[in-house]
Amino acid sequence: MGRRIGVLSVQGAFIEHEKRLQRLGAECVELRKHEDAMKSFDGLVLPGGESSVQGKLLRELEMFEPLKRQIEEGMPVMGTCAGLILLAAEINNDTRRHFQTLPRTVRRNAYGRQRESFCATGSFGDFTDIPMKFIRAPYIEEVGEGTEILSVVRGNIVAVRYKKQLAMSFHPELCPDDRIHEYFLKM
Amino acid sequence: MGNRYELNKELAQMLKGGVIMDVTTPEQARIAEEAGACAVMALERIPADIRAVGGVSRMSDPKMIRGIQEAVSIPVMAKCRIGHFAEAQILQAIGIDYIDESEVLSPADDVYHINKKAFEVPFVCGARDLGEALRRISEGASMIRTKGEPGTGDIVQAVRHMRKMNREIGQVSALKKDELYEEAKRLQAPYELVVYVHEHHRLPVVNFAAGGVATPADAALMMQLGAEGVFVGSGIFKSGNPAKRAQAIVKAVANFNDPELLAALSEDLGEAMVGINEQEIQLIMEERGR
């Protein structure tokens, strides 16, 4: 029996995550409104997209509280790009805050505009040669106690794990490498 | 090309399920971001006013675009005229996130589109059918939208273009592989891109709806017809209550399959833009660029 993963599906590249997770044997549930968020899951994916849109819709479609509660209760969660921003406790160049479950500080659009988007290869914990795509990406400026730094690229922290929360600046769902999704499914 | 083109297609993937709104001032841009726009399109006049004013319409003042870039944190797009690669170079120089080579502005070249492969920043282009979409993609477009008929508030052309695109994708998918050479000739599109459509049953880039979207129901209609997101031009800032209508359209795109929610979203939105029927307009923008 595959694990049942909720995928936030209000805006962004959620289908890419679903396809990957389904290929790895997981069952995906699209979260679009309050009733969807009231179900229970073995994990949650917060995909890439615009965090300002996702954060707003999370609240207005009444999914914010139930999902925050589940994250705080230890449900595994993976946030990519905008998902990292949704999880961050502090965002140093934006007044908006979202779940705030991940210590501590990220910078939005940290590399600049689309011209500055780039590809890289780096390590992720014990994994080496992970392909990474940074698209108007954030990075992590400061981590809190108990946070494991998994990836550093160009001198910036770009992936961390804190308890059952996995967050990264880049997009594993866009690269033909399953290791990060497999890691998440085993969390 | 290579990595850069992939990254540009992927930025469009990040915009999926979202609404891109036309704005003419930093103030409107803030309202749009606040309402949940996933990107804004900076332009001097919205299409309805371009129609009303007439004359030649051009790329916007870079200073005005910069003002909008400073006002919001979401991606900022801007339009250049069809074939006007110098305007595109200027937009690239100010770090625009996406260029719309747009039939809404007066075409600068009646034969050639911009060679978009010569640019680092991404381009979105309008298309009425599959051949047109694949021609734009072969020139380097990394995102496609329906042309619709901008500035009318009439959804009929966008529906026509989306249905035609989907029908032709279905037809190409159903052909035998050895029939694709002839199909590429018929579509006037590169063979390799026709093969991609045949194998994947979709365009190689993201496809949004644009032109004539004025209500949450219009947005839901286009999403149910297969659009991956929506551009809203005149429909918001030509309506009675732009902020409320913009928010409603954003939610309608996120929950396009939920009629009860759509009903609630459609209540008390104030006046929609007046709109012009296709039989009443003199300037047909969709015929610009082929």
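Residues numbered from 1 in each chain as written. Chains lettered and ligands numbered in written order. Predicted model: local features only at pLDDT ≥ 70, side-chain atom pairs only at ≥ 80, totals over all residues. Heavy atoms only, no water.

1. Describing the pattern of salt bridges
Applying the stated rule across the entire model yields 40 salt bridges over all chains. Taking the shortest distance from any N to any O, the salt bridge between Arg 4 of chain A and Glu 27 of chain A comes out at 3.6 Å. Here Arg 4 of chain A is found in strand E1 (residues 4-8), whereas its partner Glu 27 of chain A is found in strand E2 (residues 27-31), with 23 residues between them in sequence. For Arg 4 of chain A, a relative accessible area of 27% gives the class partly exposed. The salt bridge partner of Asp 94 of chain A is Arg 108 of chain A, with a shortest N-O separation of 2.7 Å. Placement of the pair is Asp 94 of chain A in the loop between strand E5 (88-91) and strand E6 (102-107) and Arg 108 of chain A in the loop between E6 and strand E7 (118-124), with a sequence separation of 14 residues. Across this residue pair, the class does not change: Asp 94 of chain A and Arg 108 of chain A are buried. Taken together, the shared-partner salt bridges in this structure form one network comprising Glu 50, Asp 94, Arg 96 and Arg 108 of chain A together with Glu 33 of chain B. (Salt bridge = Lys/Arg side-chain N within 4 Å of Asp/Glu carboxyl O. Helix = DSSP H or I, 4+ residues; strand = E, 2+ residues; numbered from the N terminus. Buried < 20%, exposed > 50% of the residue type's maximum accessible area, 1.4 Å probe, protein only.)

2. Thoughts on the confidence of the model for chain B
Looking at chain B as a whole, its pLDDT mean stands at 94, while 99% of the residues score no less than 70. Scoring of the predicted complex yields 0.95 for pTM and 0.95 for ipTM. (pLDDT = per-residue confidence, 0-100.)

3. A word on the environment of Arg 30 of chain B
All names here are of chain B. Inspection of the secondary structure assignment puts Arg 30 in helix H2 (residues 26-35). Separated by 18 residues in the primary sequence, Arg 30 and Ala 12 have C-alpha atoms spaced 21 Å apart. What Arg 30 contacts, discounting residues up to four positions off in sequence, is Ala 71 and Val 72. (Contact = heavy atoms within 4.5 Å.)

4. Concerning helix H4 (residues 64-72) of chain A
Along H4 of chain A, the positions that sit buried rather than exposed are Phe 64, Pro 66, Leu 67, Lys 68, Gln 70 and Ile 71 of chain A. Among the residues trailing H4 of chain A, Gly 74 of chain A stands out with phi positive, at a value near 105°.

5. Re the pairing of E6 of chain A
Residue and element names in this part refer to chain A. Sheet topology places E5 next to E6; 3 bridges connect them, and they run parallel. Within E6, the residue paired with Glu 90 across the bridge is Thr 105. By the bridge criterion, 4 bridges tie E6 to strand E9 (residues 139-143) in an arrangement that is antiparallel. Its bridge partner being in E9, Arg 104 is matched across the sheet by Val 143. (Pairing = 2+ DSSP bridges.)

6. Quick word on helix H6 (residues 130-138) of chain B
All names here are of chain B. Most of H6 is tucked away, with 7 of its 9 residues classed as buried. Along H6, the positions that sit buried rather than exposed are Leu 130, Gly 131, Glu 132, Ala 133, Leu 134, Arg 136 and Ile 137. The inward-facing, buried residues of H6 abut helix H1 (3-15), strand E5 (123-127), strand E6 (143-146), helix H7 (156-174), helix H8 (180-187) and helix H9 (191-200). Measuring from the side-chain oxygen of the N-cap residue of H6 to the backbone nitrogen of Gly 131 gives 3.4 Å; that N-cap residue is Asp 129. Gly 140 lies just past H6 and shows a positive phi near 115°. (Polar contact = N/O pair within 3.5 Å; in protein donor to acceptor, adjacent residues only side chain to side chain.)

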